[in-house]
2 protein chains.
Amino acid sequence: MRVLALLDGTLADPDAPQIRVDDLGLMRGDGVFETILVVDGKPRELSPHLDRLERSAAMLDMPVPPRAEFERAVELVIGNWTGGSEFALKLVYTRGVEGGDGTGTGFALGMEIGAKVLKQRAEGLSAVTLDRGIEADLADRAPWLLLGAKSLSYAINMAAIREAERRGAAEVIFTTSSGSVLEGPTSTVILVRGKTLVTPPSKLGILPGTTQYALFRAAERAGWTVLVEPVQTGELYDAEGVFLASSVRKITRVTTLDGKQLPDSAALLTELQGLYESEY
Amino acid sequence: MRVLALLDGTLADPDAPQIRVDDLGLMRGDGVFETILVVDGKPRELSPHLDRLERSAAMLDMPVPPRAEFERAVELVIGNWTGGSEFALKLVYTRGVEGGDGTGTGFALGMEIGAKVLKQRAEGLSAVTLDRGIEADLADRAPWLLLGAKSLSYAINMAAIREAERRGAAEVIFTTSSGSVLEGPTSTVILVRGKTLVTPPSKLGILPGTTQYALFRAAERAGWTVLVEPVQTGELYDAEGVFLASSVRKITRVTTLDGKQLPDSAALLTELQGLYESEY
């Protein structure tokens, strides 16, 4: 099932057209989004997601996404959801129609979580590393490249996943051209070394992860060391576990990387899941 | 005025919603487009534009855009256009709705040409160079980055134009990180040295220009030398003229680059315009 709420506080039909052809979100991929996990009627990390939506919008010089209207739309979708106990809630905010008055187009769309994601959560997934074609200092040097903004211009991210599938894998870990680990197309990379969790820093031009942040918060409280620092591709093979984190996939383990088997991290996953769930 | 035609051969209201919120063109900038100039009821370079639409779709692993349906939509818009003698005709083809049957969403939208473009055609424009953050071999090495595809994921291109405006200019000439000239966010770069026209090669990961190609075709017939070869930023200052070419802007001269006055190329523009118009 799907539930669609608009920023004016009304529900709308997700199977009917709602967007004009000249919306810049469509015409130019010119807008921002977030995907939130809702469990038992509660949106996880809503405030960090709305903060990040604002941050992405600012990177695109867009108006501030109207927070109260988005919060209302979130409540409206949740209140009208009659599907499974967990669902994905997507928030979208575009620059509005071409030549318009500057008012953005926004909505919240509740969707079932796909079977593939549920299977990957349980069984892990295979990943390949792909060159993202950037260097570590580019995000700072060239903010017009919008590195680290969660924009609607995600064609590259989708193309990378198709490339992974062509290589017989399910997911991607992007790296800089010199082999520094970045992120997945729709996830944050986390590795485990002993009692330490590591993720690459967002200053490399990647998205600060909401799920990764929640996990690190819980882990730190439980006595883990958490590090946000550059990671080289080779270090992924030496880790006790490599994980992709995102709102909808939660924490998913990477079982093979570039065709090479990684250490069995099933027990580690159970431990991390426990930490993550303890936050809610 | 605006005229909207759909791929089923019908006209539709461009002021009414036509696109579902879960269309991947909106959700992921996952689709391709072309913008065609129509003059006195005739679409210019229609066939090269449709070829390029197909090429972009192939780069995105999308189904082949249905050519006959697009041609019919183009005719329908032109047949119902009652505005100015020149207009812009945008063709859009997306991957369709999420979880759908793989059928793309497509349309043709006729739109008036903005006053800003008309002014720039007459008076020229100021441009700045901006680092596109890529190197010359990246397009070949990493096809998943979709360099040279005209996709709907154009947020970076729009952000670059806003950066130019912040710097007091109107347009952008993208360069590689090592200073090799690429293209404008929505145009092809052409420079003139004596009786030679030069443009950078598309293997750098840039779009082959339809207007540039038409101009080079005419120029070659008229005895000019035409070169498709790498150009360094410094060479732009040494040229007798620097031009941005695109369907809607035709050939527009760059008057200042990074705040530095370029040689007066008004007479050269008249000559190039004559060559270009001789094609139609």
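As recorded by an unreviewed UniProt entry, chain A carries the name 4-amino-4-deoxychorismate lyase and is attributed to Lentzea guizhouensis. The heading Sequence similarities (unreviewed entry) in the UniProt record of chain A holds the text "Belongs to the class-IV pyridoxal-phosphate-dependent aminotransferase family."

**Some words on the nonpolar core**
In this structure, L89, L91 and F174 of chain A together with L89 and L91 of chain B are the most contacted members of the largest nonpolar core, which totals 89 residues. Those residues in contact with L89 of chain A that lie beyond four places of it in its chain are E34, T35, I36, V38, V74, V77, A108, L109 and G110 of chain A. Core analysis: the next-biggest nonpolar cluster, separate from the first, contains 32 residues, M27, Y154 and L207 of chain A together with L26 of chain B among them.

**Remarks on the packing of aromatic side chains**
Residue and element names in this part refer to chain A. Under the criterion given, the structure shown has eight aromatic pairs over all chains. Their ring planes at 85° and their centres at 5.0 Å tell us that F33 and Y154 sit as a pair that is edge-to-face. Here F33, found in strand β3 (residues 31-39), pairs with Y154, found in the loop between α5 (138-141) and α6 (155-166); they are 121 residues apart in sequence, far enough to count as distant. Given a relative accessible area of 1%, F33 falls into the buried group. The exposure class assigned to Y154 is buried, which follows from its relative accessible area of 7%.

**Thoughts on the side chain of R249 of chain B**
Its location among the elements puts R249 of chain B in the loop between β12 (241-246) and β13 (250-257). Apart from the residues within four sequence positions on either side, R249 of chain B is in contact with V117, Q120, R121, L125, E171, T186, S187 and L244 of chain B.

**Some points on the domain arrangement of chain A**
Residues and elements named next belong to chain A. One can read the domain layout of chain A as domain 1 (2-113) and domain 2 (118-277). The C-alpha centroid of domain 2 is placed 25 Å from the C-alpha centroid of domain 1. Opposite the 24 residues of domain 1 that make contact, domain 2 presents 22 residues. Summing both sides of the interface, domain 1 and domain 2 together bury roughly 1900 Å²; the carbon and sulfur share of this comes to 60%. Put simply, domain 1 and domain 2 have four salt bridges between them. A salt bridge links R121 to E86; the nearest nitrogen and oxygen atoms lie 2.8 Å apart. Run the count over domain 1 and domain 2 and you get 14 residue pairs in polar contact (both at pLDDT 80 or more). Residue assignment for the side of domain 1 that touches domain 2 shows that the elements contributing at least two residues are β3, α2 (46-59) and β5 (86-94). At seven residues, β3 tops the list of elements feeding residues into the side of domain 1 that touches domain 2.

**Quick notes on the environment of W224 of chain A**
Here W224 of chain A shows up in the loop between α7 (210-221) and β11 (225-228). Apart from the residues lying within four places of it in its own chain, the contact partners of W224 of chain A are V192, G194, K195, T196, L197, A219, L268, E271, L272 and L275 of chain A.

**So, the pattern of salt bridges**
Counted under the stated rule, the structure contains 58 salt bridges over all chains. Between E163 of chain A and R166 of chain A there is a salt bridge, with the nearest N and O atoms lying 3.1 Å from each other. Taken together, the residues E163 of chain A and R166 of chain A, both in helix α6 and three residues apart, mark about one turn of the helix. Residue class for E163 of chain A comes out buried when judged on its relative accessible area of 12%. Classification of R166 of chain A as exposed rests on a relative accessible area of 52%. When the shortest N-O distance is used, the salt bridge between R67 of chain B and E54 of chain B registers 3.1 Å. Pair noted here: R67 of chain B is in helix α3 (residues 67-80) and E54 of chain B is in helix α2 (residues 46-59), with a separation of 13 residues, a long-range link. Looking at E54 of chain B, the relative accessible area reads 28%, which means it is partly exposed. Through salt bridges with shared partners, a single network forms among R44, E86, R121, K250 and E277 of chain A.

**Section: the relation of the copies chain A and chain B**
Rotating chain A by 180° and translating it 0.0 Å along the rotation axis places it on chain B, where the RMSD comes to 0.0 Å. One copy is carried onto the other by what is essentially a two-fold rotation axis. Looking at chain A, 100% of its interface residues are interface residues in chain B too, so the copies touch through the same face.

**Some details on the sheet that holds strand β6 (residues 105-111) of chain B**
Residues and elements named next belong to chain B. Taken in spatial order, the six strands make up an open sheet running β2-β1-β6-β5-β3-β4, and their pairing is antiparallel. Each edge of the open sheet carries a strand with a single partner, namely β2 (11-12) and β4 (42-43). Bridge analysis of strand β3 (residues 31-39) against β4 gives two bridges, and the strand direction is antiparallel. Across the sheet, residue V39 finds its bridge partner in β4, namely K42.

**Brief notes about the side chain of K150 of chain A**
All names here are of chain A. With respect to the element layout, K150 can be found in the loop between α5 and α6. As a buried residue without a salt bridge, K150 has its nearest oppositely charged side chain in E34, at a separation of 5.5 Å. Setting aside residues no more than four positions away along its own chain, K150 makes contact with G31, V32, F33, E34, T35, R52, S56 and L207.

**Overview of the sheet that holds strand β1 (residues 2-6) of chain A**
Residues and elements named next belong to chain A. Taken in spatial order, the six strands of this open sheet run β2-β1-β6-β5-β3-β4, and their pairing is antiparallel. Taken across any chain shown, the strands that pair with only one partner, and hence form the sheet edges, are β2 (11-12) and β4 (42-43). In this sheet, β2 lies alongside β1 in antiparallel orientation, the contact comprising two bridges. Residue pairing in the sheet places L4 in a bridge with A12 of β2.

**Quick look at the pairing of β1 of chain A**
In summary, the side chains of a regular strand alternate between the two faces of the sheet. All names here are of chain A. As paired strands, β1 and strand β6 (residues 105-111) are joined by five bridges and run antiparallel to one another. In the sheet register, L4 faces β6, and the bridge partner there is L109. Linkage of β1 to β2, two consecutive antiparallel strands, is achieved through a turn of four residues, within which G9 is found at a positive phi near 85°.

**Describing the environment of I78 of chain B**
Residue and element names in this part refer to chain B. Mapped onto the elements, I78 comes out in helix α3. For I78, a relative accessible area of 17% puts it in the buried group. What I78 contacts, discounting residues up to four positions off in sequence, is V38, G41, P43 and F87.

**Some details on the pairing of strand β9 (residues 188-193) of chain A**
Residue and element names in this part refer to chain A. Of all six residues in β9, five are buried, a share of seventy percent or more. As defined by bridge partners, β9 adjoins strand β12 (residues 241-246) across five bridges and the pair is classed as antiparallel. Looking at β12, one finds that V189 is bridged to L244. Between the end of β9 and the start of strand β10 (residues 196-199), which pair antiparallel, lie two residues, with G194 showing a positive phi angle near 60°.

Criteria and thresholds
Residues numbered from 1 in each chain as written. Chains lettered and ligands numbered in written order. Predicted model: local features only at pLDDT ≥ 70, side-chain atom pairs only at ≥ 80, totals over all residues. Heavy atoms only, no water. UniProt positions renumbered as here; feature names shortened; annotations may be inferred. Core = buried A, V, L, I, M, F, W, Y, C linked by side-chain atoms within 4.5 Å. Buried < 20%, exposed > 50% of the residue type's maximum accessible area, 1.4 Å probe, protein only. Contact = heavy atoms within 4.5 Å. Phe/Tyr/Trp six-rings, centres within 6.5 Å; stacked < 30°, edge-to-face > 60°. Helix = DSSP H or I, 4+ residues; strand = E, 2+ residues; numbered from the N terminus. Domains from an automatic or database assignment. Buried area = accessible area lost by both parts, 1.4 Å probe. Salt bridge = Lys/Arg side-chain N within 4 Å of Asp/Glu carboxyl O. Polar contact = N/O pair within 3.5 Å; in protein donor to acceptor, adjacent residues only side chain to side chain. Least-squares fit on C-alpha atoms with pLDDT ≥ 70 in both. Pairing = 2+ DSSP bridges. Lys, Arg positive; Asp, Glu negative; His and termini not counted.

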